[in-house]
Amino acid sequence: MSLARYVSVPRRVIADLQGDDRGKALAAVAFGWFLSISTRMIYPALLPSIRSAYGLTLTTAGLLLTVLWVAYGVGQLPGGMLADWAGERTLLVASSLLAAAMLALVVVAESPPVLFVGTALFGLGTATYGVSRFTVLKDIYPDRLGTATGVTMAAGDVGNAVMPPAAGALAGAVAWQYGFGVVIPFFVVAAVALWFTVPSDASDTVPVREAFSVDDLAPLFRRPVVRHSMVLLVLWATVVQAFIGFYPTYLIDVKGFSSTTATVLFGFFFALGSLIKPVAGRAYDRVGVRSPLAVMMGITALTLAALPFASGLPSFVALTVLASAILGYETVVISNLTDRLPDGSRGSKLGALRTVYIMVGALSPVAFGAVADRGYFDEGFLGIAAVSAVVVAFALAYVDY
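Residues numbered from 1 in each chain as written. Predicted model: local features only at pLDDT ≥ 70, side-chain atom pairs only at ≥ 80, totals over all residues. Heavy atoms only, no water.

Identification of the protein as MFS transporter from Halorubrum rubrum is taken from an unreviewed UniProt entry. The UniProt entry for the protein carries the following text under Subcellular location (unreviewed entry): "Cell membrane". (UniProt positions renumbered as here; feature names shortened; annotations may be inferred.)

Visitor: Outline the packing of aromatic side chains, supporting the account with residue identities and numerical values.
Guide: Tallied over the entire structure, the rule returns 20 aromatic pairs. Seen in terms of ring centroids, phenylalanine 122 and phenylalanine 187 are 6.3 Å apart; in terms of plane orientation they differ by 80°. Their pairing is edge-to-face. With a gap of 65 residues between them, phenylalanine 122 in helix H6 (residues 112–140) and phenylalanine 187 in helix H9 (residues 184–197) connect regions that are remote in the sequence. A relative accessible area of 2% places phenylalanine 187 in the buried class. By the ring-pair criterion, three or more aromatic residues cluster together here, those being Phe243, Phe246, Tyr247, Tyr250, Phe266, Phe269, Phe270, Phe368, Phe377 and Phe381. Taking the ring centre of tyrosine 72 as reference, the NZ or CZ of arginine 40 above it sits at 3.9 Å. Positioned above the aromatic ring of tryptophan 195 is the side chain of arginine 89, whose terminal nitrogen or guanidinium carbon lies 3.8 Å from the ring centre. (Phe/Tyr/Trp six-rings, centres within 6.5 Å; stacked < 30°, edge-to-face > 60°. Helix = DSSP H or I, 4+ residues; strand = E, 2+ residues; numbered from the N terminus. Buried < 20%, exposed > 50% of the residue type's maximum accessible area, 1.4 Å probe, protein only. Lys NZ or Arg CZ within 6 Å of the ring centre and 35° of its normal.)

Visitor: So what's going on with the pattern of salt bridges? Residues and values would help.
Guide: Enumeration according to the criterion identifies 1 salt bridge in this entry. With a closest N to O distance of 3.2 Å, arginine 51 and aspartate 253 form a salt bridge. Taken together, the positions of arginine 51 in helix H2 (residues 21–54) and aspartate 253 in helix H12 (residues 224–253) put the pair 202 residues apart, joining distant regions of the chain. For aspartate 253, a relative accessible area of 42% gives the class partly exposed. (Salt bridge = Lys/Arg side-chain N within 4 Å of Asp/Glu carboxyl O.)

Visitor: Can you explain helix H18 (residues 363–373)? Please cite residues and give values.
Guide: Within H18 the residues assigned to the buried category are Ser364, Pro365, Phe368, Gly369 and Ala372. Buried residues in H18, looked at end-on, bunch into an arc of 130°, giving them a common side. A positive phi of about 90° marks glycine 375, the residue just after H18. (Arc of directions from axis to C-beta.)

Visitor: Describe the environment of arginine 282, listing the residues and the values that go with them.
Guide: Following the sequence through the fold, arginine 282 ends up in helix H13 (residues 259–287). Taking relative accessible area as the criterion, arginine 282 reaches 7% and is therefore assigned buried. Placed 50 residues apart in sequence, arginine 282 and valine 332 show a C-alpha to C-alpha distance of 8.9 Å.

Visitor: Mind laying out a nonpolar patch on the surface, listing which residues take part and the relevant values?
Guide: On the surface, Leu97, Val188, Val192, Trp195 and Phe196 cluster together to form a nonpolar patch covering roughly 500 Å² of accessible area. Ranked by residue count, the leading element in the nonpolar patch is H9, at 4 residues. Structurally, leucine 97 is set in helix H5 (residues 88–108). (Patch = residues over 30% accessible without salt bridge, like charges linked within 9 Å, V, L, I, M, F, W, Y side chains within 5 Å. Areas by Shrake-Rupley, 256 points an atom, 1.4 Å probe, with all protein chains shown as cover.)

The structure is reproduced here in structure tokens:
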């Protein structure tokens, strides 16, 4: 039977999660994630403007993205521990307020060092949201975690579809700082919504000693499902960080598109993700991990390999549609991981695992930028296409669920 038989359209997926107070909490969590991830995606959209304002090379611009994602990765483990100790609602609210404050520092940065510091602090500020949004959904929707996660992550892609083009338009009309500054008030709104909708007892908290203990992380990595998931996530993060980080710049510098066209295509890429992620979550709930991953990354590998040989807007519209397959990947793997982690310490364990794959993947933008600086932009995309093919082979060989 075809995979399509087991999945439903996004509208029905969302309707299945509504109907009680849990729907309000889901909406608040999704809105917070909408802001958290889409603001990070503003960075690639504004990278040409930032490079021009500060005189950055492609390598240094890639380093800025690496700093953002390394900081985001570093914050995952302490964020998970704090969630286990203080509760998800407290962490989600604190993350939203911290993000607003740190983004303000980015806006007022007058030199590259301040820009880099502000970016790092913003990454740390949003890091706690990354773990808590998964673990709180596990408690609110224990029987439909994949679906709820897919809807939440799809909300992020709606933000990614809207915010980068809007920020690019503001940068062109006024200044790049306005592309970030307009988001700050919305983080405050998200904090208020989270406080009033997410139940304070959504999950049990644990004592300080237990929450901040990492003694049992080594046995966790000995579990085959964890090892396999980490390989899958590290390889995926390497591909997606490089692609997302430099796709708009590639379209402008190499393919000759205007900045408006490039940011619209970038937003379109994420708009498609808002459709793909709920379906990917439902696919996980119905058929497991292996088949969805192989399909999504197989499409991604072929698409990335075709980018250097494409020309003209219609071709890149089609390739952008196909490339969006990669956006459903994390929904499947993270849902499976969260399902298999123990209660009580789920936040700290998931935080530790996310720290590993996000930080390793965060090295790819600076490496990709260095390759592009040497005139090998096309070869960089062929390289991450090869990594995507490795993911397909690994999923088929080692994932049996």
